[in-house]
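Working through the structure, step by step
Below are the chains, spelled out letter by letter.
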Amino acid sequence: MQNILEMADFNPPYDQMIFPGKAEDEKILYVTREASMMLLVRLMAFSVVNAIAVVIGAVLIANMGKTLGFAYGAIVVMIVIIGALVMGLGMWWIYKVHNKTMFIITTRRLTKFIHTTPWTRYQMSLGLDKVVDSAAYSKGYAQSIFGLGTFVARSSAGNIKNFKIENIHFAEDLHNWMNKLMFIFSKEQTKLDEFRPFTAKKMGERY
């Protein structure tokens, strides 16, 4: 068995995958995380900010050295080295948090693991019996341009109003599939074990 939180990629069937807290008779029907495009955007934004900070720091130190007459070369080199270390650590951090933050649908619940650091997380779950309905929409121009969407399961639970995941592909297809799952769960639970996992692919590419 493989722990989903340690996997770089995953595709159905999910029979050989587990996650913390999974029950023995609980079947995984779908696993996803934010689109890789969002990871790329965050990495690029961090890289640009870090590079600008290094350049500004090096220029300031160089100008101060020329004005005050002290040797500034070693300090500039040190700033560049520190900037490179921060760049590497920051990109690793963003990558790990992105990869370990994921959304899972099973025959019992919707659950998501949200990592705030590569080592710390919190988990939120919503039982299928508490799901009232679901929706899918594009929020803003960025999602529309990149073909991404937001999936929302509306809840009857007082402490969870909306259970959602943002910036995913095929959000509308997931919404339609979720409606079928909710029907089976409420009307024909004996068929849950046979219910087909969701496949995030274009219609012509689905198996």
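Residues numbered from 1 in each chain as written. Predicted model: local features only at pLDDT ≥ 70, side-chain atom pairs only at ≥ 80, totals over all residues. Heavy atoms only, no water.

**What about the confidence of the model for the chain?**
Our working definition: Confidence of the predictor at the level of single residues is given by pLDDT, which spans 0 to 100. Note on contacts: a residue pair is in contact if any heavy atoms of the two residues lie within 4.5 Å.
Per-residue confidence for the chain gives a mean pLDDT of 87, with 93% of residues at or over 70. Here residues 203–207 scores under 50 on pLDDT; set against residues more than four positions off or in separate chains, the count is seven contacts.

**Notes on the sheet that holds strand β9 (residues 162–168)**
Short version of the rule: For two strands to be treated as a pair, DSSP must find no fewer than two bridges joining them. For helices the rule is a DSSP run of H or I covering at least 4 residues; for strands it is a run of E covering at least 2, with both sets numbered from the N terminus onward. Whenever a helix is involved, its axis is fitted only over the stretch in contact; in every case the axis is a line through C-alpha atoms, and angles between N-to-C directions fall within 0 to 180 degrees.
Overall, antiparallel pairing links the three strands, which are arranged β7-β8-β9 in an open sheet. In this open sheet, the two edge strands, each paired with only one partner strand, are β7 (131–137) and β9. When strand polarity is set aside, the average angle formed by the axes of neighbouring strands in this sheet is 10°. Examined bridge by bridge, strand β8 (residues 149–155) and β9 share five bridges and lie antiparallel to one another. Its bridge partner lying in β9, Ala153 is registered against Phe163. Docked against the sheet, helix α4 (residues 171–187) engages β7, β8 and β9, running at close to 165° with respect to β7.

**Focus: helix α2 (residues 73–100)**
Applied cut-off: A helix is expected to span 1.5 Å multiplied by its residue count minus one. Each residue is placed in one exposure class: buried if its accessible area under a 1.4 Å probe, protein chains only, is under 20% of its type's maximum, exposed if it is over 50%, and partly exposed if it falls in between.
Under the 1.5 Å per step criterion, the end-to-end length of α2 is 41 Å for 28 residues, consistent within 8% with the ideal 40 Å. Looking at α2, one finds that the buried residues are Val76, Gly83, Gly90, Ile94, Val97, His98, Asn99 and Lys100.

**What to know about a nonpolar patch on the surface**
For the record, the criterion: Patches were defined on residues exceeding 30% relative accessible area and lacking a salt bridge, with like-charge contacts within 9 Å and nonpolar side-chain contacts (Val, Leu, Ile, Met, Phe, Trp, Tyr) within 5 Å. Calculation of accessible area relied on Shrake-Rupley with a 1.4 Å probe; when residues are assessed, cover is drawn exclusively from the protein chains displayed. Salt-bridge detection follows one rule: a side-chain nitrogen of Lys or Arg within 4 Å of a carboxyl oxygen of Asp or Glu.
Taken together, the side chains of Val41, Tyr141, Ile145 and Phe146 define a hydrophobic patch exposed on the protein surface, amounting to about 470 Å² of accessible area. Turning to its location among the elements, Val41 is positioned in helix α1 (residues 36–68). Looking at Val41, the relative accessible area reads 37%, which means it is partly exposed.

**Some points on the environment of Met78**
By the element assignment, Met78 lies in helix α2. Residues Met78 and Ala58 lie 20 residues apart in sequence; the distance between their C-alpha atoms is 9.2 Å.

**Some details on α4**
Here α4 is 17 residues long and its end C-alpha atoms lie 24 Å apart, about the 24 Å a rise of 1.5 Å per residue gives. Among all positions of α4, only Ala171, Leu174, His175, Trp177, Met178, Leu181, Met182, Ile184 and Phe185 are buried. Contacts from the buried residues of α4 go to β3 (28–32), β4 (102–106), β5 (109–115), β7, β8 and β9.

**Here we look at the sheet that holds β5**
Spatially, four strands are ordered β3-β4-β5-β6 in an open sheet, and the strand pairing comes out antiparallel. Strands with a single pairing partner mark the edges of an open sheet, and in this sheet they are β3 and β6 (121–127). In this sheet, adjacent strand axes meet at a mean angle of 15° when their direction is disregarded. Pairing between β3 and β4: four bridges, direction antiparallel. Paired with Val31 across the two strands is Ile104, which belongs to β4.

**With respect to the packing of aromatic side chains**
By convention here, two paired aromatic rings are described through the distance between centres and the angle between planes. Stated formally: When the centres of two rings from Phe, Tyr and Trp lie within 6.5 Å, Trp using its six-membered ring, the rings pair. Their planes under 30 degrees apart give stacked, over 60 give edge-to-face, and anything left gives tilted. A ring is considered to have a charge above it if a Lys NZ or an Arg CZ atom is located within 6 Å of its centre and within 35 degrees of its normal.
Evaluation of the coordinates by the stated rule reveals eight aromatic pairs. For the ring pair Phe19 and Phe113, a centre distance of 6.1 Å and an interplane angle of 65° mean the geometry is edge-to-face. Of this pair, Phe19 sits in the loop between β2 (17–18) and β3 while Phe113 sits in strand β5, and the two are 94 residues apart along the sequence. Residue Phe113 is classed as buried on the basis of its relative accessible area of 1%. Ring centres of Trp93 and Trp119 lie 5.5 Å apart, and the angle between their planes is 85°; this geometry places the pair in the edge-to-face category. Placement of the pair is Trp93 in helix α2 and Trp119 in the loop between β5 and β6, with a sequence separation of 26 residues. Residue class for Trp119 comes out exposed when judged on its relative accessible area of 61%. Ring pairing ties together the aromatic residues Tyr30, Trp177, Phe195 and Phe198, which thus form one cluster. Taking NZ or CZ as reference, Lys112 lies 5.1 Å from the ring centre of Phe163, over its face.

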